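# Geometric and topological summary
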Amino acid sequence: MKRRTIIGAAVFMALTTQVASATTVKGKVTNEAGEAVAGAEVRIEGSKQVTFTDAQGNYEFTGVQVPHVHLHVYSPDYIHGDNDLGDISSDQVADFVLTPVSVENIVVTASVLGSSVLESVTPVSVIDEYKLRKIQAETLGETLKNTPGVHSTYFGPVASSPVIRGNDGPRVKIVQNGLDVSDVSRIGPDHNVAANSTSATQVEVLRGPATLQYGSGAIGGVVNVVDNRIPSEVPVGIEGDVEANYATVNDGKFGRFNLTGGQNNIAFHVDGFKRKTDNADIPGYASVTPDDDEQPGTLESSAMDTTNITAGLSLVDEEGYFGFAVEKLDNFYGVPGHSHAHEEEHEGETEEEHAEHAGEEGTNLDVDMTRYQAAGEWYSPFKGISSLKFAAAYTDYEHVEIEDGQVGTRFTNQGSDIRLAATHADIDAWHGVFGLQYHNSDYAADGDEAYTPPTETESMALFLVEQKKFGSLILELGGRLERTTYNADTVDFELEVAEHEEEHHDEEGHEEEHHEDEHEEHERVFDFAEYAFTSSSLSAGLNWEYTPGYSVALTLSRNERAPSQQELFSAGQHLATQTFEVGLVYDMDEDGEVSENLRSVKEEVSNNIDLTFRKFSGDSGYTLSFFYNQADDYIYQSATDLTALAHGHEEEEEEGHEDHEELEEHAEEGTPVYYFNQDDATIYGVEAEGFVDLNVNWRVSVFGDYIRAKIDSDNLPRIPPLRLGSTISYEGEALSSELSVVWYDDQTKTTAYETATDGYTLVNASVDYRLSDTQDWTVYVRANNLFDEEARVHTSFLKDQAPLPGRNFTLGTRFSF
């Protein structure tokens, strides 16, 4: 045993010993006008060594011992600079000349190569911490919905996910610090995203396929929520902020704190927030066609009560860092669209009793999640590798659906995500990252609304991304190979379909309705073998600054996506969306008859082109992106002409529903049947944003997007309409303000059994005032939907039951230190 230990130590030392003498690297950073760039961050890749330029633009590293030196220079006002010095054994001088930009050039952490926004070969938006605090909403989808190309599934103000270029659900990957959130938001739009953006330092939106780094579930795009829960550096002192606000539209109360500190080589972080709201006020009725007993002015079951706390600890030294964090989320929120007919049941009760019953009535979700996350980086672990990054997360998620105070269905998911990425030293000027990723998910649902069977999902992937600069042109190549398996439990498929009523005429020609045999039942039991898919993705892109301050980026990619468990195995009533879902594997005819034989399922294959033009110099700037996606065997969910009756219809009939009108009313409680299918699809569109600085204080910004999505000659469902927006903003030393207008066109390009949606215009405003010159203490007022417009979101399953909230004023204060 002792001999093995000695041998192991010898091997370890042989791998990690670096043959390099201590050297000095210094230089000067200037802009194209020869002026010094002060405060720029200069970093040696694969080491902890980082410094900042002084007032004259000078920097210096002493005692450099890494054998291969690759320098990076970052400044938000300039294009990222880098210089690979290679293997060095003597002192070096490396000067940089940076190109100024008119937009903030933020490093995208979701990119394994650490590229900045303007260097990216694909369209990407980064919402920094300052902007996030201004647009923060109750849900991630609503927070990001005014980003070009991004909309929201809007399931009331309590649950929404981002929709990227018309893609949602399993096509949009939601990650926290690069790791899957492992909730169940990809399964149903009523399940809120568990990623916490209230303490985020930035949120990154990768529009278009990002499968190379994040797997086949990212074929539509990625949203990466970045925070500091695992510090990679020890701060000089204690830093953080606190915030509190109040919203009028739902009597909403919100408070949060964020704290990071450390000493010697130990760093810590803790953050948390509390949000409590009542039902949201709305202009008019919740339903498009309200019942006689529906009351206007309130969206029932739209209250929420959320508590979240996160704590992390890191060990940081010269060789790298390693840290661990724990997050605890408790979230109780309503599901709109189910509970407007309960008011008469509690007449004569006090306000306190009414409030208590209001929380019990309708449909509510009670979420309990604990997330453990680890991350680390090992600088220059052995020759040829400049850094080795490790990240892992384990999430224990559970939520219970509660209907009228009674526990209904319990959803659980235990998810593990492990990621290992190595950055290699430059090879013939090629700079790249290779790695592997493992993901496991153990999902289960138990109860009447368990419309998907318990399923274990496992995936393993290898990926490689390489980049090389040819003067002002950046070339990027990449590939990924992924294996995904599903092991699902037995499904007891019971579908009770209401037949269409047949019209008859009496002798005088009057219509008579025939109600006999109004339903028939189809019941099957399915045992599933293991489903396995092998997905490969390839990408090639370039970014060319063809003239100073102007660039064009082009990306060609071919991506394969394995179907998700919901798309494969759904078979039952989905309470929240008020649908009966039938998965891909089932062979169902137009009458609702389900065959005992399962259908074959193919992977979705997408061929994509992204073309992006950018201007980033002077007193104006813009980003204009065109995209075209041709998808074979595209997986989509569409309505049928079938209605599934509620379970237990026959039993209730036997228990005495003899009155004909009561039977007819009960039959109407059925839900439409939605069926997953595969067809070839074409998705294309344009996204644009730009600005003009009128002077040092005033800026006018515009944005817009348009998406078309078709299957053969038909349209895909729930595709966002044309949208245009504009903002005028003022930035002073103490006062900042903005006024924005966003216009949504009518959406009439619908599919079968989908209704059109009227357009609307939303007007928002905000004012921030900094109270002190010596302390960062700000008070602010936000106004949303100033004209109390009735707005229904076409991308929402509940567009006919849940409009956007009405006029809202938010008053708050924030103190940073």
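Rules and cut-offs
Residues numbered from 1 in each chain as written. Predicted model: local features only at pLDDT ≥ 70, side-chain atom pairs only at ≥ 80, totals over all residues. Heavy atoms only, no water. Helix = DSSP H or I, 4+ residues; strand = E, 2+ residues; numbered from the N terminus. Buried < 20%, exposed > 50% of the residue type's maximum accessible area, 1.4 Å probe, protein only. Contact = heavy atoms within 4.5 Å. Areas by Shrake-Rupley, 256 points an atom, 1.4 Å probe, with all protein chains shown as cover. Phe/Tyr/Trp six-rings, centres within 6.5 Å; stacked < 30°, edge-to-face > 60°. Lys NZ or Arg CZ within 6 Å of the ring centre and 35° of its normal. Core = buried A, V, L, I, M, F, W, Y, C linked by side-chain atoms within 4.5 Å. Salt bridge = Lys/Arg side-chain N within 4 Å of Asp/Glu carboxyl O. Pairing = 2+ DSSP bridges. Axes fitted to C-alpha atoms, helices over the stretch in contact; angles between N-to-C directions. Patch = residues over 30% accessible without salt bridge, like charges linked within 9 Å, V, L, I, M, F, W, Y side chains within 5 Å. Lys, Arg positive; Asp, Glu negative; His and termini not counted. Charge placed at Lys NZ, Arg CZ, Asp CG, Glu CD. Polar contact = N/O pair within 3.5 Å; in protein donor to acceptor, adjacent residues only side chain to side chain. pLDDT = per-residue confidence, 0-100.

## A closer look at the overall build of the protein chain
Regarding its fold elements, the protein chain presents eight helices and 48 strands. Across the 817 residues of the protein chain, 53% fall into the buried class. Once local pairs closer than 6 in sequence are excluded, the contacts in the protein chain between residues at least 24 apart make up 66%. Per element, the accessible surface of the protein chain, about 35,400 Å² overall, is 51% carbon and sulfur.

## Description of the packing of aromatic side chains
Summed over all chains, the structure comprises 22 aromatic pairs. Centroid distance Tyr-546 to Tyr-550: 6.4 Å. Interplanar angle 45 degrees. Geometry classified as tilted. Note on Tyr-546: relative accessible area 39%, which makes it partly exposed. Tyr-550 sits in the partly exposed class, given a relative accessible area of 27%. Their ring planes at 55 degrees and their centres at 5.0 Å tell us that Trp-698 and Tyr-730 sit as a pair that is tilted. Remark: Tyr-730 occurs in strand β44 (residues 723–731) and Trp-698 occurs in strand β42 (residues 698–711); sequence separation between them is 32 residues. The exposure class assigned to Trp-698 is partly exposed, which follows from its relative accessible area of 34%. Grouping aromatic residues by their ring pairs yields a cluster made of Tyr-486, Phe-493, Phe-526, Phe-528, Tyr-531, Phe-533, Phe-569, Phe-580 and Tyr-586. The ring of Tyr-214 carries the charged tip of Arg-419 above its face, separated from the ring centre by 5.1 Å. The ring of Phe-691 carries the charged tip of Arg-699 above its face, separated from the ring centre by 3.8 Å.

## Description of the environment of Ala-445
On the secondary structure map, Ala-445 appears in strand β26 (residues 430–446). Of the residues examined, Ala-445 reaches a relative accessible area of 10% and is grouped as buried. Distance in space between the C-alpha atoms of Ala-445 and Asn-413 is 8.8 Å, their sequence separation being 32 residues. With residues near it in sequence (within four places) discarded, Ala-445 still touches Thr-409, Arg-410, Phe-411, Ala-450 and Thr-452.

## Section: the nonpolar core
Grouped together as the largest cluster of nonpolar side chains are 35 residues, with contacts concentrated most on Phe-155, Leu-299, Tyr-333, Tyr-443, Tyr-760, Leu-762 and Leu-804. Contributing elements (two or more residues each) for this core: β22 (320–335), β23 (363–382), β26, β45 (735–744) and β46 (760–770). Among the nonpolar cores identified, the runner-up in size contains 28 residues, and Phe-528, Phe-533, Leu-568 and Val-673 belong to it.

## Observations regarding the pattern of salt bridges
Evaluation of the coordinates by the stated rule reveals 34 salt bridges. When the shortest N-O distance is used, the salt bridge between Arg-792 and Glu-790 registers 3.1 Å. Here the salt bridges do not stand alone but share partners, grouping Asp-241, Glu-243, Arg-256, Asp-768, Arg-782 and Arg-814 into one network.

## Some words on the sheet that holds strand β9 (residues 124–128)
Spatially, five strands are ordered β9-β14-β15-β12-β13 in an open sheet, and the strand pairing comes out mixed. Unpaired on one side and paired on the other, β9 and β13 (179–180) mark the two borders of the sheet.

## Description of the pairing of strand β41 (residues 671–693)
Where strand β36 (residues 579–582) and β41 come together, three bridges link them in parallel fashion. The partner of Val-582 across the bridge, within β41, is Tyr-675. Of the strand pairs in this sheet, strand β40 (residues 620–644) and β41 are connected by 20 bridges, and their pairing is antiparallel. Bridge pairing in β41 links Ile-635 to Gln-678.

## Looking at unusual backbone geometry
The backbone phi angle of Asp-633 is positive, close to 55 degrees, even though this residue is not glycine. Owing to a relative accessible area of 21%, Asp-633 belongs among the partly exposed residues under this scheme. For Asn-785, which is not glycine, the phi dihedral falls at a positive 50 degrees. Examined against the element boundaries, Asn-785 turns out to sit in the loop between β47 (776–784) and β48 (808–816).

## Remarks on the pairing of β42
Bridging between β41 and β42 involves 13 bridges; their strand directions are antiparallel. Bridging across to β42, Gly-685 finds its partner in Ile-707. In sequence, β41 turns back onto β42 through a hairpin of four residues. For β42 and β44, the ladder comprises eight bridges, and the chain directions are antiparallel. Along β44, the bridge assignment pairs Val-700 with Ile-728. Two strands pair when backbone bridges link them, and β42 and strand β43 (residues 714–715) are joined in this way by two bridges, in the antiparallel orientation.

## A short note on the environment of Leu-762
Tracing the chain through its elements places Leu-762 in strand β46. In sequence terms Leu-762 and Ala-791 are 29 residues apart; their C-alpha atoms lie 8.3 Å from each other. Setting aside residues no more than four positions away along its own chain, Leu-762 makes contact with Ser-740, Val-741, Val-742, Tyr-744, Asn-785, Glu-789, Ala-791 and Leu-804.

## Quick notes on the environment of Tyr-684
By the secondary structure assignment, Tyr-684 is in strand β41. C-alpha of Tyr-684 to C-alpha of Phe-627: the two residues are 57 residues apart in sequence and 5.4 Å apart in space. Residues within four places of Tyr-684 in sequence aside, it is in contact with Phe-627, Tyr-628, Tyr-706, Ile-707, Arg-708 and Lys-710.

## With respect to the sheet that holds strand β3 (residues 50–52)
The four strands lie next to each other as β3-β2-β5-β6, forming an open sheet whose pairing is antiparallel. Edge positions in the open sheet fall to β3 and β6 (81–87), since each of these has one partner strand only. The mean inter-strand angle of the sheet, taken between neighbouring strand axes irrespective of direction, is 15 degrees.

## Section: a negative patch on the surface
A contiguous patch of negative charge on the surface is contributed by Asp-442, Glu-456, Glu-458 and Glu-530. Its location among the elements puts Glu-530 in the loop between β32 (519–526) and β33 (531–547). Judged by relative accessible area, Glu-530 falls into the partly exposed class, the value being 49%.

## Focus: a nonpolar patch on the surface
On the surface, Phe-322, Phe-390, Ile-418, Leu-420, Leu-436, Met-460 and Leu-462 cluster together to form a nonpolar patch covering roughly 580 Å² of accessible area. With respect to the helices and strands, the residue Leu-436 is situated in strand β26. Given a relative accessible area of 35%, Leu-436 falls into the partly exposed group.

## Structural notes on the side chain of Glu-204
Inspection of the secondary structure puts Glu-204 in strand β14 (residues 202–207). Arg-419 provides the closest opposite charge to the buried, unpaired Glu-204, separated from it by 11 Å. Side-chain polar atoms of Glu-204 contact the side chain of Gln-202, separated by 2.5 Å. Once residues within four sequence positions are removed from consideration, Glu-204 is found in contact with Val-107, Val-108, Thr-109, Ala-110, Ser-125, Val-126, Val-222, Val-223, Asn-224 and Val-226.

## Side note on the side chain of Asn-543
Relative to the helices and strands, Asn-543 resides in strand β33. Accessibility expressed as a relative area gives 4% for Asn-543, which makes it buried. Of the polar contacts made by the side chain of Asn-543, one reaches the backbone oxygen of Glu-119; its length is 3.3 Å. Non-local contacts of Asn-543, meaning those with residues more than four positions away in its chain, are made with Leu-118, Glu-119, Ser-120, Val-121, Ser-472, Leu-473, Ile-474, Ser-551, Val-552, Ala-553 and Arg-614.

## Notes on the confidence of the model for the protein chain
Per-residue pLDDT for the protein chain averages 87, and the proportion of residues at 70 or more is 88%. Confidence over residues 511–517 falls short of pLDDT 50; this stretch has 16 contacts with residues more than four positions distant or in other chains.

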